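Below, each chain spelled out in residue letters.
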Amino acid sequence: MAHSDARRHTAPTPSDRHAILVAAAFGSSPGAHPLPAAHGPEQNWLRAVALGGQGRYAAARAELARVRGTGGVWSSFGASTEASLLRQLGGHRAAAVLDGRALAEAGSLRTSSGNTVAAWRDVGTVAARRDVGTVAARRDVDVVAAWCDAATGLAADALGRGRLAVCGSLLDRCAAALDAAESEAGEKAFVRQRIRLAWVGAESALAAGDFTRARSRADRAVELADGFGSIRHSVKSDLVRSASLTGLPDHGPAMDLAADVLARAEEHELIPLQWAAAMLLDGLGAGRDAGRVRDLDAGRVRDFCATVIRGRGGRFVTLSAC
């Protein structure tokens, strides 16, 4: 028994630690807590993403402060991720500053990527060339992903401030960058970026009152998320889809899906998504309509989640300051 207890409390190996953080950030265990300590900027970023998804804003910001001090592609990822935490709670103006910084950092890396080709040519052996080529390819994928994260973030920032034309232009630029990169790296390299592009595309269509286009973009996000393997992305995609269904004469499908999103977000301890789903349900009149959500007090859930978010370091921004 003592031997079993000792084995159960053994610290995770480096590979175990990385796998746990990936699963929490982009996989099947988004509510995992506590998380293992991070070693290096990539793991700091993964840890921050997972903590942010759980609504642990202060802890996520602490991890991102470490990431942003490293420079390079992880600094760009860190800035755009911190921007997303601000944007979730209404801070579109401050988020745009960070997304702009992330875009500039990733953009400078994109223009210098030709240096990896020159380095490849200077390597003598076939095996060494293969190693350099693999590293260069991975680096190029990360740089494009970081640039697209920042561009999509800036589009969402513009949308939150009513600048639909700017939002649309940024989404178009991001789509073009992904099209070009996927022709070399393949579609699977950028599924997360495609999901985020579809989210903001759907939200932009909703803001323009185009519910047909919103449903099309939301359906695309759901389809991509189903194959991506991230519970958080699936829940968020269904949340966006439920919002797109509010344009139908019958609000029943939107309310049913939003109630399902609320339940799944609660199950996986995704407090920000639970709060957003409760906001949507409260706006649709959950508790006042017949059906599966008539006994749901969405306003109470919304207020509870907001209290948890504030307790974990979240800072809601008023409309006048966003």
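Here's the deal with helix H12 (residues 231-244)
Because each turn of an α-helix spans 3.6 residues, side chains separated by three or four positions end up pointing in the same direction.
Here is step 1: With 14 residues, H12 extends 20 Å between its outermost C-alpha atoms, agreeing within 8% with the 20 Å of an ideal straight helix rising 1.5 Å per residue.
Here is step 2: Burial analysis of H12 places 11 of its 14 residues in the buried class, which makes it a mostly covered element.
Here is step 3: Residues of H12 that are buried: Arg 232, His 233, Ser 234, Val 235, Ser 237, Asp 238, Leu 239, Val 240, Ser 242, Ala 243 and Ser 244.
Here is step 4: Of the surrounding secondary structure, the elements contacted by the buried residues of H12 are helix H2 (14-26), helix H3 (41-53), helix H10 (191-207), helix H11 (211-228), helix H13 (252-267) and helix H14 (271-284).

Topic: the confidence of the model for the protein
Here is step 1: Confidence along the protein averages 88 in pLDDT terms, with 84% of residues attaining 70 or more.
Here is step 2: Overall, residues 1-8 carries pLDDT values under 50, and its contacts beyond four positions in sequence, including any with other chains, amount to 0 contacts.
Here is step 3: Every residue in residues 114-135 scores below 50 in pLDDT, and together they form 11 contacts with partners more than four places removed in sequence or on other chains.

Details of the packing of aromatic side chains
Here is step 1: Evaluated as defined, the whole model comprises 5 aromatic pairs.
Here is step 2: Plain terms: the ring middles of Phe 26 and Trp 45 are 5.6 Å apart, the flat faces sit at 45° to each other, and that makes the pair tilted. Pair noted here: Phe 26 is in helix H2 and Trp 45 is in helix H3, with a separation of 19 residues, a long-range link.
Here is step 3: When its relative accessible area of 7% is taken as the criterion, Trp 45 is described as buried.
Here is step 4: Plain terms: the ring middles of Trp 45 and Trp 74 are 5.6 Å apart, the flat faces sit at 50° to each other, and that makes the pair tilted. Here Trp 74 lies in helix H5 (residues 72-88) and Trp 45 lies in helix H3, a separation of 29 residues in the sequence.
Here is step 5: Aromatic ring contacts, followed pair by pair, group Phe 26, Trp 45, Trp 74 and Phe 77 into a single cluster.
Here is step 6: Across from the ring centre of Trp 199, 4.0 Å away, lies the NZ or CZ of Lys 236, which sits over that ring.

As for the packing of H12 against H13
Here is step 1: Direction vectors running N to C along H12 and H13 enclose 155°, while the axes themselves pass 9 Å from each other. What the angle tells us is that H12 and H13 run roughly antiparallel. The element H12 and its partner H13 pack so that their crossing is left-handed. Taken together, the residues of H13 that come into contact with H12 (itself represented by Ser 234, Val 235, Asp 238, Leu 239, Arg 241 and Ser 242) are Ala 254, Leu 257, Ala 258, Val 261, Arg 264 and Ala 265.

Definitions and limits used
Residues numbered from 1 in each chain as written. Predicted model: local features only at pLDDT ≥ 70, side-chain atom pairs only at ≥ 80, totals over all residues. Heavy atoms only, no water. Helix = DSSP H or I, 4+ residues; strand = E, 2+ residues; numbered from the N terminus. Expected span 1.5 Å × (residues − 1). Buried < 20%, exposed > 50% of the residue type's maximum accessible area, 1.4 Å probe, protein only. Contact = heavy atoms within 4.5 Å. pLDDT = per-residue confidence, 0-100. Phe/Tyr/Trp six-rings, centres within 6.5 Å; stacked < 30°, edge-to-face > 60°. Lys NZ or Arg CZ within 6 Å of the ring centre and 35° of its normal. Axes fitted to C-alpha atoms, helices over the stretch in contact; angles between N-to-C directions. Parallel < 35°, antiparallel > 145°, perpendicular 65-115°, else oblique. Left-handed = near helix turned anticlockwise from the far one by under 90°.

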